[in-house]
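Residues per chain are reported as follows:
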Amino acid sequence: MRANRQPTLRSAGGHERSQVGMVELFFDLVFVFAITQLSHGLLEQLTPLGALHTGVLFIGAWWLWIYTTWCTNWLNPAATPVRQLLFVLMLLALVMAAALPHAFAERGLVFALAYVAQHLLRSAYMVHAFGAVSGHGRNFIRIFAWLAVSGTCWVLGGLSDPQSRLAWWTAAIAIEFIGPFAYYRVPGMGASTTTDWDVDPHHMAERCGLFVIIALGESLLITGATFAGLAWETPQLLAFIAAFVGTVAMWWLCFDTGSGRAIHHFEHAADRGRVARLAYTYLHIPIVAGIILCAVADELVLVHPDHASNPGIAAILGGPFLYLLGNGLFKWATNQRRLPPISHLVGMGLLLALSPFAFGHAFSALALGGLTSGTLVLVALWEWRALQQA
């Protein structure tokens, strides 16, 4: 049988440029596992330090996934070398995800090495695919340089004690976070430009939408698995319904009209690279983080409907707040609004207004979970009604 001779890069302007390959969806399965590990880890260590550890690890996992998504925007998933690259990245990501629960303990170096290897291997492959002298090739040489610096911090953190590890890994995340804003400026090479990031709007939007679906699916999996192991009494049934309704409202807020309007804006933007950087690379972070925190909150309410600790209350309120914040900013950035949607601002205001009563333990965990789910439903209905009348 003859080898696959498909070109490594997608054809510019071709229909296949927008298509999401099956191998990309296969690649995403590893991140289903990673999100599960993160949510379970936060449940086991629901403290301010545990939340900080989970936040650092989550942003790291997000950067791995979003950088790969940027690359597969240009790479042809039908080409055998591209599939081989993604399979190797999957293996490394699986090792990384398996190490997540003990990343701040005995498996820190394993996590760091698997993490850094993905970034450097992918970036080196992109330099090879484009050619080092091309504009895109030089862009990925700069990216490689920045990731090599952050990678050094990751590895040094993996070699350090847990306290120093947090500092090293926070520095690594900061470097990776700043890189796109600094256009990956490198001495002697200058900086990239957003025209170097000529992504396809449909591909990027679909990939990010699928990651949101992964996170929402994880939320449903946690809810279903937890509910299956409990006695089916009235509090658990009500908590189960509230969790499901809240998850549906989150789906509605993201996918009813918001994603379609965002794609239309993205497609007609004068600078697509800038839109992709802000709306899809950065502003999806609070969206996905909010979903993960909501999944943690749903399990807490299911297992302990009568009472929640202060960290649990923070999760129950914080998940919907982060989600509304991320969605509101995303819609603001992709619809040329003067302000984020009023419905989202009101929803966030309601959650803040609940906080003094919640932390004063005026509500049971079940009641608070019902109120936060109701807030999400209210915002979804408000936005839907406003758009129907527009």
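See the structure above.
Along each chain, residue indices are assigned from 1 in the same order as the chain's sequence is written. Where totals are concerned, whole chains, interfaces and linings use all residues; where local detail is concerned, this predicted model gives features only for residues with pLDDT of at least 70, and gives and counts side-chain atom pairs only at 80 or more. Excluded from the side-chain calculation are hydrogens and water; included are all heavy atoms of the structure.

(A) Representation of the packing of helix α2 (residues 48-74) against helix α10 (residues 272-282) within the structure. Viewed as axis vectors pointing N to C, α2 and α10 meet at an angle of 150 degrees, and their least axial separation amounts to 11 Å. The orientation of α2 relative to α10 falls into the category roughly antiparallel. α10 is crossed by α2, and the crossing has right-handed handedness. On α10, the residues touching Trp62, Trp63, Ile66 and Trp70 of α2 are Gly273, Ala276, Arg277, Tyr280, Thr281 and Tyr282. Residue classes in the contact of α2 with α10 are distributed as 7 nonpolar, 2 polar and 1 charged. For every element, the axis is a line fit to its C-alpha atoms; helices are fit only across the contacting stretch, and the angle between N-to-C directions ranges from 0 to 180 degrees. Comment: elements are numbered from the N terminus, with helices defined as DSSP H or I runs of at least four residues and strands as E runs of at least two. Oblique is the label for any angle not covered by the other classes, which are roughly parallel (under 35 degrees), roughly antiparallel (over 145) and roughly perpendicular (65 to 115). Each crossing gets its handedness from the near helix: less than a right angle anticlockwise from the far helix is left-handed, clockwise is right-handed. Here, two residues are considered to be in contact whenever any of their heavy atoms come within 4.5 Å of each other. When residues are sorted by character, Ala, Val, Leu, Ile, Met, Phe, Trp, Tyr, Cys and Pro go into the nonpolar class, Asp, Glu, Lys and Arg into the charged class, and all the rest, Gly among them, into the polar class.

(B) Region of interest: empty space enclosed by the protein. Definitions used throughout: a 1 Å grid over protein atoms alone; a cavity as a set of points that fits a 1.4 Å probe which cannot get out; a pocket as an open set with protein on both sides within 12 Å along at least five of seven lines; a lining residue as one with an atom within 4 Å of a point. Grid points are joined across faces, edges and corners, and a volume is the space filled by probe spheres set on the points. Considering all chains together, one arrives at 4 cavities of 30 Å³ or more under this definition. Taken as a whole, the largest cavity holds about 170 Å³ of empty space. Residue lining of the largest cavity: 14 residues in total, with Tyr67, Trp70, Ile143, Pro180 and Tyr184 positioned closest to the centre. Among the secondary structure elements, those contributing two or more residues to the lining of the largest cavity are α2, α5 (135-159) and α10. The volume enclosed by the second largest cavity comes to roughly 140 Å³. Taken together, 16 residues line the second largest cavity, and the ones lying closest to its centre are Cys294, Asp298, Gly369, Thr372 and Ser373. Only α8 (234-255), α11 (284-303), α12 (310-334) and α14 (365-389) provide two or more residues apiece to the lining of the second largest cavity. Per-element accounting of the lining of the second largest cavity gives the leading share, 6 residues, to α8.

(C) Representation of a nonpolar patch on the surface. A cluster of nonpolar side chains, namely Leu339, Ile342, Leu345, Val346, Leu350, Leu378 and Trp382, defines an oily patch on the protein surface of about 580 Å² accessible area. With 4 residues, helix α13 (residues 342-359) is the largest single contributor of residues to the nonpolar patch. Nonpolar side chains (Val, Leu, Ile, Met, Phe, Trp, Tyr) within 5 Å and like charges within 9 Å form the patches, drawn only from residues with over 30% relative accessible area and no salt bridge. To be clear on the numbers: accessible area is Shrake-Rupley with a 1.4 Å probe, and residue cover counts the displayed protein chains and nothing else. Salt-bridge detection follows one rule: a side-chain nitrogen of Lys or Arg within 4 Å of a carboxyl oxygen of Asp or Glu.

(D) Representation of the nonpolar core within the structure. Among the nonpolar cores identified, the biggest contains 112 residues, and Phe111, Trp154 and Tyr280 are the most heavily contacted of them. Counting residues per element, this core draws most heavily on α11, which supplies 13 residues. Sequence-distant contacts of Trp154, defined by excluding residues within four places in its chain, comprise Val56, Phe111, Ala112, Tyr115, Val116, Trp169, Ala172, Ile173 and Glu176. Buried residues of nine kinds, namely Ala, Val, Leu, Ile, Met, Phe, Trp, Tyr and Cys, make up a nonpolar core once their side-chain atoms join them within 4.5 Å. For every residue, the accessible area obtained with a 1.4 Å probe (protein chains only) is divided by the maximum for its type, and the residue is called buried under 20%, exposed over 50%, and partly exposed between those limits.

(E) Spatial organisation of the side chain of Asp298. Relative to the helices and strands, Asp298 is located in helix α11. When charges are counted, neither His nor the chain ends are considered; positive counts come from Lys and Arg and negative counts from Asp and Glu. The buried charged residue Asp298 lacks any salt bridge, with Lys331 as its nearest oppositely charged partner at 18 Å. Once residues lying within four places of it in the same chain are set aside, the contact partners of Asp298 are Ser219, Thr223, Ala243 and Thr247.

(F) The packing of aromatic side chains, seen in detail. Here is the rule: rings of Phe, Tyr and Trp (six-membered ring for Trp) pair when centre to centre is within 6.5 Å. Planes less than 30 degrees apart are stacked, more than 60 are edge-to-face, and the remainder are tilted. Going through the model one piece at a time under the given rule, you end up with 30 aromatic pairs. A ring pair is formed by Trp74 and Phe130, whose centres lie 6.0 Å apart and whose planes are at 80 degrees; its orientation type is edge-to-face. With Trp74 in helix α2 and Phe130 in helix α4 (residues 108-130), this residue pair connects regions lying 56 residues apart in the sequence. Residue Trp74 is classed as buried on the basis of its relative accessible area of 6%. Judged by centre distance (5.1 Å) and plane angle (25 degrees), the ring pair of Phe266 and Tyr280 falls under stacked. With Phe266 in helix α9 (residues 258-267) and Tyr280 in helix α10, this pair connects stretches of sequence that are 14 residues apart. Here the two residues Phe266 and Tyr280 agree in accessibility, since each one is buried. Here a set of aromatic residues connected by ring pairs shows up, and it is made of Trp70, Trp74, Phe130, Phe140, Trp146, Tyr183, Tyr184 and Trp197.

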